[in-house]
Amino acid sequence: MNIENFELSNYVWNNLLKFLNNASLTIPATPVIVYQTNNLEEFYQLTNKPYHVGGVYKDFIIILQPINILKKKGVYDRVLLHELLHWILYGLNEKYQEGLIYWWMGEYDKKEVDYFLSDFNGDLPSFILNHWH
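Quick caveat, the model's predicted, so the values are computed rather than measured.

Let us now look at the sheet that holds strand S2 (residues 55-58). Taken together, the 3 strands give an open sheet; going across it, the order is S1-S3-S2, and neighbouring strands pair in mixed fashion. Because the sheet does not close on itself, it has two edges, and the strands there are strand S1 (33-36) and S2. Ignoring which end each strand starts from, the neighbouring axes of this sheet average 15 degrees apart. Pairing analysis gives 4 bridges linking S2 to strand S3 (residues 61-64), with the strands arranged antiparallel. From the neighbouring strand, Tyr57 faces S3, where its bridge partner is Ile62. Taken strand by strand, helix H2 (residues 40-47) contacts S1, S2 and S3, and its axis lies near 145 degrees from that of S3.

The next thing to look at is the side chain of His86. Checked against the element boundaries, His86 lands in helix H4 (residues 76-88). Sequence-distant contacts of His86, defined by excluding residues within four places in its chain, comprise Tyr57, Gln97, Glu98 and Ile101.

Okay, the packing of aromatic side chains next. In the structure shown here, the tally under the stated rule is 12 aromatic pairs. Each ring, one from Phe19 and one from Trp104, has its centre 5.1 Å from the other, and the planes form 80 degrees; the classification is edge-to-face. Taken together, the residues Phe19 in helix H1 (residues 10-23) and Trp104 in helix H5 (residues 94-104) connect sequence positions 85 residues apart. Judged by relative accessible area, which is 1%, Phe19 ranks as buried. For the pair Phe120 and Phe127, a centre-to-centre distance of 5.6 Å together with 80 degrees between the ring planes defines the contact as edge-to-face. Classification of Phe127 as buried rests on a relative accessible area of 1%. One aromatic cluster is present, formed by Tyr96, Trp103, Tyr115, Phe116, Phe120 and Phe127 through successive ring pairs. Positioned over the ring face of Tyr76 is Lys71, at 5.3 Å from the centre of the ring. Directly above the ring of Tyr102 sits Lys110, whose terminal nitrogen or CZ lies 5.1 Å from the centroid.

Thresholds applied
- Residues numbered from 1 in each chain as written.
- Predicted model: local features only at pLDDT ≥ 70, side-chain atom pairs only at ≥ 80, totals over all residues.
- Heavy atoms only, no water.
- Pairing = 2+ DSSP bridges.
- Helix = DSSP H or I, 4+ residues; strand = E, 2+ residues; numbered from the N terminus.
- Axes fitted to C-alpha atoms, helices over the stretch in contact; angles between N-to-C directions.
- Contact = heavy atoms within 4.5 Å.
- Phe/Tyr/Trp six-rings, centres within 6.5 Å; stacked < 30°, edge-to-face > 60°.
- Buried < 20%, exposed > 50% of the residue type's maximum accessible area, 1.4 Å probe, protein only.
- Lys NZ or Arg CZ within 6 Å of the ring centre and 35° of its normal.

Geometric values such as these leave the question of function open.
Shown next as structure tokens:
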């Protein structure tokens, strides 16, 4: 993982390790590149996402809004953890990734969680294995 210029707080690191343990996964062999945009306009140009989206993961690259903005919003750790979990789950069928991540992070009010839970068998490692590409 390229973490130069990025802070991995105890919250992010501990939750990442906890997820890996509970999911019976390891850190992917392909490293992730974490890119902090310089401003919100650059974030939009690179991701085509609205400003309420703090980060985007695709193909082993995470693009974040400027860290100072995410920290002012009080969401930096959660956004970084969320995107790192996409990296960890790179081989999981994409239709389940968002819901699983929201569920894991306790954001149960998201509609994606209901979709994930509709197929979740209660055994995270076997669910991931059965839906891995």
